[in-house]
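Each chain is listed here by its residues.
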Amino acid sequence: MNPLKKLIKWAQRKSPWIIHFNAGACNGCDIEVVDALTPRFDLERFGVLQKGSPRHADVLVCTGAVTMQTADRLKNIYDQMAEPKFVVAVGTCACSGGVFGDCYCVKGGIDAVIPVSAYIPGCAARPEAIIDGVVKLLSTLEDKKLQPKNPIVINSEKELADMLDEAEAAEENTETENFEENKAKEDNENA
Amino acid sequence: MEFFQMLVFPGLIFLSVYSFALEYFDRIVYARLQNRQGPPWYQPIADFFKLLGKEVIVPASVSKLWFKLLPVFAYAANLAAFLYIPLTSANSLYPFSGDLIVVLYLLTIPTLCFFLAGYISEGVYSGLGAVRALTQLFAYEVPLFMALLAPAILADSWSFAGISAYYSAHPIMMLVNIPAFIIAIIAAQGKLERTPFDAPEAETEIVAGAFTEYSGKLLALFRFTVDAELVVVASLLAAVFLPFYASNFIISFILYLLKTVFIVFILAVFKGLMARLRIEQIVAFCWKWLIGIGLLQIVLNVIIKGAF
Ligand code: SF4
């Protein structure tokens, strides 16, 4: 490995910029994530900065079970991030679906849509646990095992539309569906 | 020799190292004001190299050439401005009469590059950020020019060397320029797009402003430009408002570091204590107050110059 590559590898561990995404959490975990970013916990000690744009961020911090509404958007945001990128699932819901796991509108944990590198369980996950998880993720960045080998990728629009049909067959729902399709199209164009 | 100077001191390498150092200083002061420990000393360097290693994404509908050239232009303009500012002696690397004006105009180019970068990115957020950056340019530019030209009017010279010669001969006249110094500090905060004038890149409203679509190396270069701008503006304020130099190079260099660190400290405290203004509040504030005081300062300087 040449020195510049080594330097960049080192820098990657020292400067993780995060972006926070709520995939369908009850807001408990979001409050804890925001709490972890306050001066009291001072994540900047580890070089963590919160960024607004997915293009700038390295770590996608997701909370909550993935609902059908957010599945596409989550995938979209993940695709917009620049390589190398990592996903951290915060909270029991994000890890497995949690109490919402069996809901008709829930796809499951974050790993049902995008590959996840670190799971931080807890309902809600404590800020200390979140910090610990992020730091552990950073210290093992070079470890290839952390990267899921076969990421599960949803087949965006069609699959989603089918599922919507199934779940809400009883009701007439053309409006939601059209909205859904238009939105998905728009998002794809933007990406 | 000249090439060496341009490359090492006071050129590219010094500017890079010093801008990392000042960014660290800025962030640590900011953290202390929030009762935090702050980042470790290598943080700006780690951020820069991490971004170098990241993938560059160019949106499909954007002109590739300009998307990639604009960060380079912005940095080059900063570096050019830096070469004309005297650091350790009254003369810069290439002194000529009127270099103060040239530096002021060169410093406008990075802001224009930010605007263009946002404009050609074709995103909603980058477009909004670009328009705000340009609007803010019209707000702070006039007071900044007024504040920096007022001492020059008193010294009767448009060059850094002339200003330094005059104020070395009449040190008491420095005190006349205190209002201009305050205006310059506030306007510089607007120039550098820092709180309370950070509406162009307000991350809680418009994601990241003009830089929203930038990633990887290009973003690294833009951040580098913003850091370098901090050094250039601090050096410029030091050269105009505190134009004292020692004859010994080492002492002079330490003096320069003290002057710029002092100015960046004021800027960082400003950033830590203020909340963000809306864009129309920025424009109203600059035109109502800063320009009013700036005009008074210029009139005062003209009268004093006539009287003595
Ligand atoms: S893990 Fe608990 S706190 Fe977090 S989103 Fe799920 S239910 Fe809410």
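The structure contained in this document is the topic of the report that follows.

**Topic: the pairing of strand 3 (residues 59-63) of chain A**
All names here are of chain A.
Then, number 1: Buried residues dominate strand 3, accounting for five of its five residues.
Then, number 2: Taking every second residue as pointing to the same face, both faces of strand 3 are buried, with Val59, Val61 and Thr63 on one and Leu60 and Cys62 on the other.
Then, number 3: With five bridges joining them, strand 3 and strand 5 (residues 86-90) adopt parallel strand pairing. Across the sheet, residue cysteine 62 finds its bridge partner in strand 5, namely alanine 89.

**Let's talk about the nonpolar core**
Then, number 1: Among the nonpolar cores identified, the biggest contains 95 residues, and Leu236 and Leu237 of chain B are the most heavily contacted of them.
Then, number 2: Top element by residues in this core is helix 9 (residues 216-241) of chain B. It accounts for 17 residues.
Then, number 3: The contacts of leucine 236 of chain B, once residues within four sequence positions are left out, are Ile85, Leu100, Val103, Leu104, Leu107, Leu148 and Phe160 of chain B.
Then, number 4: Membership of the second largest hydrophobic core comes to 19 residues, among which are Ala36, Val88, Leu137 and Leu138 of chain A.

**A closer look at helix 11 (residues 279-307) of chain B**
Residues and elements named next belong to chain B.
Then, number 1: Helix length check: helix 11, at 29 residues, gives a terminal C-alpha distance of 41 Å against a target of 42 Å (1.5 Å per residue), a fit within 8%.
Then, number 2: Along its length, helix 11 reaches its greatest deviation from straightness, about 30°, at cysteine 286.
Then, number 3: When we look at burial in helix 11, the residues that qualify are Ile279, Ile282, Cys286, Leu290, Ile291, Gly294, Gln297, Ile298, Asn301 and Ile304.
Then, number 4: Tucked inside the fold, the buried residues of helix 11 contact helix 6 (124-155) and helix 8 (178-191).

**Let's talk about a nonpolar patch on the surface**
Residues and elements named next belong to chain B.
Then, number 1: Taken together, the side chains of Phe244, Phe249, Ile250, Ile251, Ile254, Leu255 and Leu258 make up a nonpolar region of the molecular surface, amounting to roughly 650 Å² of accessible area.
Then, number 2: Topologically, leucine 258 is positioned in helix 10 (residues 249-273).
Then, number 3: Assessed through its relative accessible area of 56%, leucine 258 is described here as exposed.

**Section: the pattern of salt bridges**
Then, number 1: Summed over all chains, the structure comprises 17 salt bridges over all chains.
Then, number 2: In this structure, arginine 36 of chain B and aspartate 42 of chain A form a salt bridge, with 3.1 Å as the shortest nitrogen-oxygen distance. One end of the pair, arginine 36 of chain B, is in the loop between helix 2 (12-33) and helix 3 (43-52); the other, aspartate 42 of chain A, is in the loop between helix 2 (28-36) and strand 2 (49-50), on a second chain. Neither residue differs from the other here; arginine 36 of chain B and aspartate 42 of chain A are each classed as buried.
Then, number 3: Aspartate 79 of chain A is the partner of lysine 75 of chain A in a salt bridge, and the nearest nitrogen-oxygen pair spans 3.0 Å. Here lysine 75 of chain A pairs with aspartate 79 of chain A, and both are found in helix 3 (residues 68-80), just four residues apart, close to one helical turn.
Then, number 4: In this structure, a network of salt bridges that share partners links the residues Asp42, Glu44 and Arg45 of chain A together with Glu23, Arg27, Arg36, Asp47 and Arg223 of chain B.

**What to know about the site of the ligand**
Residue and element names in this part refer to chain A.
Then, number 1: Taken together, Ala25, Cys26, Gly28, Cys29, Thr92, Cys93, Gly122, Cys123 and Ala124 make up the full set of residues adjacent to the ligand.
Then, number 2: Within the residue set of the shell around the ligand, elements represented by two or more residues are helix 2 and helix 4 (92-96).
Then, number 3: Here the residues of the shell around the ligand sort into six nonpolar, three polar and no charged.

**Structural notes on the packing of helix 8 of chain B against helix 9 of chain B**
Residue and element names in this part refer to chain B.
Then, number 1: Direction vectors running N to C along helix 8 and helix 9 enclose 170°, while the axes themselves pass 11 Å from each other. The orientation of helix 8 relative to helix 9 falls into the category roughly antiparallel. Together, Ala180, Phe181, Ala184, Ile185, Ala188 and Lys191 of helix 8 and Glu229, Val233, Leu237 and Phe241 of helix 9 make up the contact between the two elements.
Then, number 2: Looking at the contact of helix 8 with helix 9 residue by residue, the class counts come to eight nonpolar, no polar and two charged.

**Some remarks on the sheet that holds strand 2 of chain A**
Residue and element names in this part refer to chain A.
Then, number 1: Strand order in the open sheet made by the five strands is 2-1-3-5-7, with parallel pairing throughout. One side of each edge strand has no neighbouring strand; the edge strands of this open sheet are strand 2 and strand 7 (118-120).
Then, number 2: In the sheet, strand 5 pairs with strand 7 via three bridges, with the strands oriented parallel. Across the sheet, valine 90 pairs through a bridge with isoleucine 120, a residue of strand 7.

**A word on the interface of chain A and chain B**
How large an interface is tends to be reported as the accessible area lost when its parts come together.
Then, number 1: On the chain B side, the residues contacting the 28 residues of chain A number 28 residues.
Then, number 2: In this assembly, chain A packs against chain B so that about 2,400 Å² is buried in total across both faces, 58% of it on carbon and sulfur atoms.
Then, number 3: By the criterion of area lost to chain B, the three top residues of chain A are Glu44, Arg55 and His56 of chain A, representing 26% of everything that side buries.
Then, number 4: For the pair chain A and chain B, the number of links is six salt bridges.

How each quantity is defined
Residues numbered from 1 in each chain as written. Chains lettered and ligands numbered in written order. Predicted model: local features only at pLDDT ≥ 70, side-chain atom pairs only at ≥ 80, totals over all residues. Heavy atoms only, no water. Buried < 20%, exposed > 50% of the residue type's maximum accessible area, 1.4 Å probe, protein only. Helix = DSSP H or I, 4+ residues; strand = E, 2+ residues; numbered from the N terminus. Pairing = 2+ DSSP bridges. Core = buried A, V, L, I, M, F, W, Y, C linked by side-chain atoms within 4.5 Å. Contact = heavy atoms within 4.5 Å. Expected span 1.5 Å × (residues − 1). Bend = angle between axes of the 7 residues up to and from the residue. Patch = residues over 30% accessible without salt bridge, like charges linked within 9 Å, V, L, I, M, F, W, Y side chains within 5 Å. Areas by Shrake-Rupley, 256 points an atom, 1.4 Å probe, with all protein chains shown as cover. Salt bridge = Lys/Arg side-chain N within 4 Å of Asp/Glu carboxyl O. Near = heavy atom within 4 Å. Nonpolar A, V, L, I, M, F, W, Y, C, P; charged D, E, K, R; others polar. Axes fitted to C-alpha atoms, helices over the stretch in contact; angles between N-to-C directions. Parallel < 35°, antiparallel > 145°, perpendicular 65-115°, else oblique. Buried area = accessible area lost by both parts, 1.4 Å probe.

Spatial relationships are all this shows, so hold off on functional conclusions.
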